[in-house]
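Overview (structure and organization)
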Amino acid sequence: MRRKKSALSQIVLGAFRGIGLVIAMALVLPAGIAAGDDTRVEAEDDWDSEDEDEGRGRSFFYKELVLSGFYSREGVTMIPMDDMGEDHFELSHRPPHNYIGVDYVGTFTDSSPLRKLFPDWLPLTAVDFHPRLVFDRIEVDNGLRRIEFAPQDFWIRFNPGKIDRLSLRIGQFVIPYGVNPIQAPRQRFILPIEATDLGMKWDWGIDLKGPLGEYDWQIAATIGSGEAIHSSHLFSSSERESYLFSGRLGTPTYWDFQYGVSFAYGDLPTVRGPRLFSDNASISRWRLALDGFYKYGTYLMCGAQLTYGEDGFAGDEKHVMVTMGKQATVVGYRVWADWVVPNFQDIRLAAQFESVIRDTATKDADDTAAIIGVNYSLTTSVSLQLNYRKEYSNTMGMENDAFYFTFVYYSR
């Protein structure tokens, strides 16, 4: 028998839907007025802004609301996790989730007052504070436990010794593993393969970036918590402490053909976006990865990723569920394309095929899916997304195909 949803859950769902409807009506109407707004490109540009205009002393403040849901003809169970009912319509449990947030980006010049708080050999160059409150649809408990503080970028950046192209960043940021950090998407359904493989693309810690000839290198030491601050060893007892070292060597971000090699090494709990699936254990993981990206003209981008590694190599193979307690060899890959229609530049089409084989020696141990999507910009601040996800294999349960609807408001 289907479990009844709690009153609080219904209230939160209704509030999200109501807020989205009201804001959509309020913002769609002035679409024509906003046609000349120069924030259009920035609103549509959902890549990480780490290299944005350093030294210009500028700042930007955005407000953000993302609402997403899905429709599945077969119905999806376990949303939340103790709900065995087959939900055909639901709030989405996949990124970009449902959240509200603000985004402040600031760069500093020598005359900036904040820059004078730091020594001359460690000048402050930029900050990015993008706090979000994410509604966790999978969480079983009611109340505030369903609201996760899960920023996607919350850092300050320095230029040690004022050495050209050398930067030190502290806080939460895109880890230098997999695709170039500047390509790490926000507000989007299609994600790099590391989001499926490791369950995260952002983490808390410290990183250093510098030049090697024409190329860029970047290394980071982070706590392995993903987007939210839920690293178990920080706030409660844990069987293992999580941590992650990662690094990348690749082409600079302004090349049309970009590529890089990267690595990740650490102990990681199972995380998916803002959610931590296990409080008791983490799994030792190492990965090597290749990624490539090609930008053809202004409108077409395409790329591919390949990753190889192992889980459970440090004596914790008992936690590798897919192998029933044995060390696992992992292979993951994806190919993708993204196209802005030249004659209808408010429309953006995307497609991706991804697969993570969680153990090459185990049959049917892969998570494989194809995704197609269309994004339509209603105004400079409002866009709608429709994605269809076709699952060919799912190690965590039954394959389920679904349409995902996303509303994005992002504006100054």
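A brief look at the structure comes next. (Residues numbered from 1 in each chain as written. Predicted model: local features only at pLDDT ≥ 70, side-chain atom pairs only at ≥ 80, totals over all residues. Heavy atoms only, no water.)

1. Quick look at the packing of aromatic side chains
This structure, assessed with the given rule, holds 19 aromatic pairs. Where Phe154 meets Trp204, the ring centres are 6.1 Å apart and the plane angle is 50°; that geometry is what we call tilted. Separated by 50 residues along the polypeptide, Phe154 in strand β7 (residues 154-158) and Trp204 in strand β9 (residues 202-212) bring together distant segments of the chain. Classification of Trp204 as buried rests on a relative accessible area of 14%. On the numbers, 4.7 Å between centres and 40° between planes, the contact of Tyr388 with Phe403 is tilted. A residue pair is termed long-range when its members are at least 10 positions apart, and Tyr388 in strand β20 (residues 382-393) and Phe403 in strand β21 (residues 402-411) qualify at 15 residues. (Phe/Tyr/Trp six-rings, centres within 6.5 Å; stacked < 30°, edge-to-face > 60°. Helix = DSSP H or I, 4+ residues; strand = E, 2+ residues; numbered from the N terminus. Buried < 20%, exposed > 50% of the residue type's maximum accessible area, 1.4 Å probe, protein only.)

2. Things to note about the environment of Ala328
By the secondary structure assignment, Ala328 is in strand β17 (residues 328-340). Excluding anything up to four places from it in sequence, Ala328 contacts Gly309, Glu310, Asp311, Val320, Thr323, Arg358 and Asp359. (Contact = heavy atoms within 4.5 Å.)

3. Description of the pattern of salt bridges
Within the structure shown, the criterion is met by 21 salt bridges. Linking Asp338 and Arg348 is a salt bridge whose minimum nitrogen-to-oxygen distance equals 2.9 Å. Pair noted here: Asp338 is in strand β17 and Arg348 is in strand β18 (residues 347-357), with a separation of 10 residues, a long-range link. Judged on exposure class, the residue Asp338 and its partner Arg348 are both buried. Its salt-bridge partner being Asp401, residue Lys390 comes within 3.0 Å of it at the nearest N-O pair. Taken together, the residues Lys390 in strand β20 and Asp401 in the loop between β20 and β21 connect sequence positions 11 residues apart. (Salt bridge = Lys/Arg side-chain N within 4 Å of Asp/Glu carboxyl O.)

4. What to know about the side chain of Glu391
With respect to the helices and strands, Glu391 occurs in strand β20. Only 2.8 Å separates the side chain of Glu391 from the side chain of Arg94, close enough to count as a polar contact. Within polar-contact distance, the side chain of Glu391 engages the side chain of Asn394 at 3.3 Å. Non-local contacts of Glu391, meaning those with residues more than four positions away in its chain, are made with Arg94, Thr368, Ala369, Met398, Glu399, Asn400 and Asp401. (Polar contact = N/O pair within 3.5 Å; in protein donor to acceptor, adjacent residues only side chain to side chain.)

5. Focus on a nonpolar patch on the surface
On the surface, Phe257, Tyr259, Tyr294, Tyr296, Leu300, Trp339, Leu349, Val374, Leu386, Phe403 and Phe405 cluster together into a nonpolar patch covering about 970 Å² of accessible area. Of all the elements in the fold, those that place two or more residues in the nonpolar patch are β12 (257-268), β15 (283-296) and β21. Structurally, Leu300 is set in strand β16 (residues 300-311). (Patch = residues over 30% accessible without salt bridge, like charges linked within 9 Å, V, L, I, M, F, W, Y side chains within 5 Å. Areas by Shrake-Rupley, 256 points an atom, 1.4 Å probe, with all protein chains shown as cover.)

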